[in-house]
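Coordinate inspection notes
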Amino acid sequence: MIEPHAPAPPGAPPSRTGPARLPVRPGTGRFLVLVCVFVCAACGLVYELELVAFASYLIGDSVTQASVVLSVMVFAMGIGSLAAKRLRWHAAAGFGAVESVLALVGGCSAMALYAVFAWTAGWGGMWADGPRCLLVAFSLAIGLLIGAEVPLLMELIQRIRRQDAGGAVADLFAADYVGALVGGLAFPFLLLPFLGQLTGALLTGTVNVVAGGALVLGLFRRDLTRRARWTLLLAGLTVLGVLASAAALAGDFERAARHAVYGTDVRVAVQTDVQEVVLSGGTGGRPLDLFLDGRLRVGGRDVHRYHEALVRPALTGPHARVLILGGGDGLAAREVLRHRGVRRVDILELDPGLVDLARRDPGLSAANGHALADPRVHVTTADALAWLRGARGPAYDVVVADLPDPGITASTKLYSQEFYGLARRVLTRDGRLVVHAGPVTPRPRAFWTVAATLRTAGFAVSPYRVLGHDSGFAAGPDRSTETSRAPRDWGFLLAAPGTTPPDLRVPRDHSGTLTQGQLTADARAAEGTRVEGLAASTLVHPRY
């Protein structure tokens, strides 16, 4: 709550500058300053979230990137506050300059990060960590400028009417924190889904420079020299021109950057309510690539090899009722439907936008054999863990966990003991659970940690892996932006309740036909996929 104006306490030092000459009453002036604080705080938090989101999409490891961005920005805000003490004598001009620079840097940061990642990330050598260095540089610069706002705004609000320090700080930070709340909610629910990251950041910069310029040139113009007014006006108009030009070119820029990152065959790029989905190829005989938040989920020649290895060993026993956790692309369902005796397939997918693409996109629907149109397939939009918590009784012969890689922070709950315990509850007595546990050779510790978690949840496990083609990105939900000399493989864990590990026999009694569509050459080539059993001692110490 904004406190009523209070006179400075007796004995308080006099103001270093005279009272501001305002075109409005002091009460109205204070209100306008606090509105500007609110708007600037909202913009500042959008800049922070935009950097975190871009770093997570392009660089990966969201916890690390968020920690780096937020810690660097908070540190820089403290330095910026100290540095702004020298500008207090010229608070109005200083604040106008800070907002112009902040709008330019913050508004263009997303486009600059995307450009560096798209066109220079593969240079290697000294520039191998170029995107990360630029991320730190932007975090530092934006933090310095945001930190400089508070002392200058405090000086401006005190120049309107002197108030005790505690009351002024309370008013200022109340507006600041409420603005941060609005900015934090606007980014995921408005800016990101409706405008995208690039246009959203540019619009935020525009709001930022307009709010700062309006406050200084409108409310405090009488405290500025003629030269200062014209300088700030030209600087603000220049920033607006740069941001408007960038917004006009954002569409072409984003298409060019996507081609640089994902290849020239990009056909679809949409931001759903859950993630960014990019489809490349898949028509005209070109291999299909499906990227989710920058990670390759389905990759060209390996699309059938991966899903066949995921599904077929689990269907050696009873498989009348199958539950697929994830799998909104329909590719796991396609493989399940190839087997005789399947009566019902339930798919739990968090992202309805991906399911919609799997149904209507010509490339993706052809790759999944129009599996989602099969009357035996039932799709439910839900979080897998939340749905399993509400499920009752053994209902499924097979559970297929077609989920993101365990190395992705957001998916760690889907590899927890609770998750596997809930999955065990919905399995029949002779049921089986199959889990993709990430690449084996480059990350053995993560793989065997998932195996240990399954055992703790009451499963006996049979680990196995399948090698992918040695070309391009490795398919499956384990692609990162880093290249590796390790063999391209996928690690899987076939689990059954009890103490007896399930056999790794691969069934050969599937029908070989689909409800709609025919097997492709890649699918026929995948018939020779070799399942390679693993022993923990061959890769890493068994205690992992």
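Analysis parameters
Residues numbered from 1 in each chain as written. Predicted model: local features only at pLDDT ≥ 70, side-chain atom pairs only at ≥ 80, totals over all residues. Heavy atoms only, no water. Helix = DSSP H or I, 4+ residues; strand = E, 2+ residues; numbered from the N terminus. Contact = heavy atoms within 4.5 Å. Areas by Shrake-Rupley, 256 points an atom, 1.4 Å probe, with all protein chains shown as cover. Core = buried A, V, L, I, M, F, W, Y, C linked by side-chain atoms within 4.5 Å. Buried < 20%, exposed > 50% of the residue type's maximum accessible area, 1.4 Å probe, protein only. Polar contact = N/O pair within 3.5 Å; in protein donor to acceptor, adjacent residues only side chain to side chain. Patch = residues over 30% accessible without salt bridge, like charges linked within 9 Å, V, L, I, M, F, W, Y side chains within 5 Å. Salt bridge = Lys/Arg side-chain N within 4 Å of Asp/Glu carboxyl O. Lys, Arg positive; Asp, Glu negative; His and termini not counted. Charge placed at Lys NZ, Arg CZ, Asp CG, Glu CD. pLDDT = per-residue confidence, 0-100. Pairing = 2+ DSSP bridges. Axes fitted to C-alpha atoms, helices over the stretch in contact; angles between N-to-C directions. Parallel < 35°, antiparallel > 145°, perpendicular 65-115°, else oblique. Left-handed = near helix turned anticlockwise from the far one by under 90°. Nonpolar A, V, L, I, M, F, W, Y, C, P; charged D, E, K, R; others polar.

1. Overview of the overall build of the chain
Secondary structure summary: the chain contains 14 helices and 12 strands in total. Within the chain, contacts between residues at least 6 apart in sequence are counted, and of these 77% link residues at least 24 apart. For the chain, the accessible surface area stands at approximately 23,600 Å², while carbon and sulfur atoms represent 61% of it.

2. Focus on the nonpolar core
With 67 residues, the main nonpolar core has Val33, Leu51, Phe95, Tyr114, Leu215 and Phe220 as its most contacted residues. Those elements that place two or more of their residues in this core are α1 (26–58), α2 (62–83), α3 (91–120), α4 (130–160), α5 (165–219) and α6 (226–262). Excluding residues that lie within four positions of it along the chain, leucine 51 makes contacts with Val69, Met73, Ser109, Leu113, Leu135, Phe138, Ser139 and Ile142.

3. Remarks on the side chain of threonine 272
Position of threonine 272 among the secondary structure elements: in the loop between β1 (266–271) and β2 (276–280). Reaching out from threonine 272, the side chain makes a polar contact with the side chain of aspartate 351 at a distance of 2.8 Å. Setting aside its immediate chain neighbours within four residues, threonine 272 contacts Val277, Asp351, Gly353 and Leu354.

4. What to know about a positive patch on the surface
On the surface, Arg221, Arg222, Arg226 and Arg229 cluster together into a positively charged patch. Given the relative accessible area of 31%, arginine 229 is considered partly exposed.

5. Some thoughts on the confidence of the model for the chain
Chain-level pLDDT for the chain is 83 on average; 83% of the residues reach the 70-or-more range. Low pLDDT, under 50, characterises residues 1–16; the predicted model gives this stretch 22 contacts beyond four residues in sequence or across chains. Low pLDDT, under 50, characterises residues 470–487; the predicted model gives this stretch 48 contacts beyond four residues in sequence or across chains.

6. As for the sheet that holds strand β4 (residues 295–299)
Across the sheet, which stays open at both edges, the 4 strands sit in the order β1-β2-β3-β4 with antiparallel pairing between neighbours. The sheet is open, and its two borders are formed by β1 and β4, each paired with just one other strand. Averaged over all pairs of adjacent strands, the angle between their axes in this sheet comes to 15°, without regard to strand direction. Pairing between strand β3 (residues 289–292) and β4: 4 bridges, direction antiparallel. From the neighbouring strand, leucine 290 faces β4, where its bridge partner is valine 298. Each of β1, β2 and β3 is contacted by helix α9 (residues 352–360), which is oriented at about 20° to β2, the strand it contacts most.

7. Considerations on the side chain of glutamate 349
The residue glutamate 349 is located in strand β6 (residues 344–349) in this model. With no salt bridge to any partner, buried glutamate 349 finds its closest opposite charge in arginine 297, at an N-O distance of 6.5 Å. Ignoring any residue separated from it by four or fewer positions in sequence, one finds glutamate 349 in contact with Gly326, Gly327, Gly328, Leu354, Val355, Thr380, Thr381 and Ala382.

8. Details of the pattern of salt bridges
Here the structure, examined in full by the defined rule, presents 18 salt bridges. Ionic pairing is found between arginine 286 and aspartate 265, a salt bridge with its closest N-O pair at 3.2 Å. Placement of the pair is arginine 286 in the loop between β2 and β3 and aspartate 265 in the loop between α6 and β1, with a sequence separation of 21 residues. Look at arginine 286 and you get partly exposed, because its relative accessible area is 33%. For the salt bridge of aspartate 383 with lysine 413, the shortest nitrogen-to-oxygen distance reads 2.9 Å. Taken together, the residues aspartate 383 in the loop between β7 (377–381) and α11 (384–390) and lysine 413 in the loop between β8 (396–402) and α12 (417–425) connect sequence positions 30 residues apart. Using a relative accessible area of 36% as the deciding quantity, one classes lysine 413 as partly exposed. Here the salt bridges do not stand alone but share partners, grouping Glu308, Arg312, Glu335 and Arg338 into one network.

9. Focus on the packing of α4 against α5
With their axes 9 Å apart at the nearest point, α4 and α5 run at an angle of 130° to one another. One way to sum up the angle between α4 and α5 is to call them oblique. The handedness of the crossing between α4 and α5 comes out as right-handed. Of the residues in α5, those touching α4 at Val150, Leu153, Met154, Leu156 and Gln158 are Ala168, Val169, Leu172, Phe173 and Leu215. Each residue belonging to the contact of α4 with α5 can be placed in one class, and the counts come to 9 nonpolar, 1 polar and no charged.

10. Considerations on the environment of leucine 237
Its location among the elements puts leucine 237 in helix α6. Assessed through its relative accessible area of 49%, leucine 237 is described here as partly exposed. Counting along the chain gives 137 residues from leucine 237 to serine 100, while the straight-line C-alpha distance between them is 9.3 Å.

11. Section: unusual backbone geometry
Even without a glycine there, the phi angle at histidine 370 is positive, about 55°. Take histidine 370: it is sitting in the loop between α10 (362–367) and β7. Among the residues examined, histidine 370 registers a relative accessible area of 31% and is labelled partly exposed.

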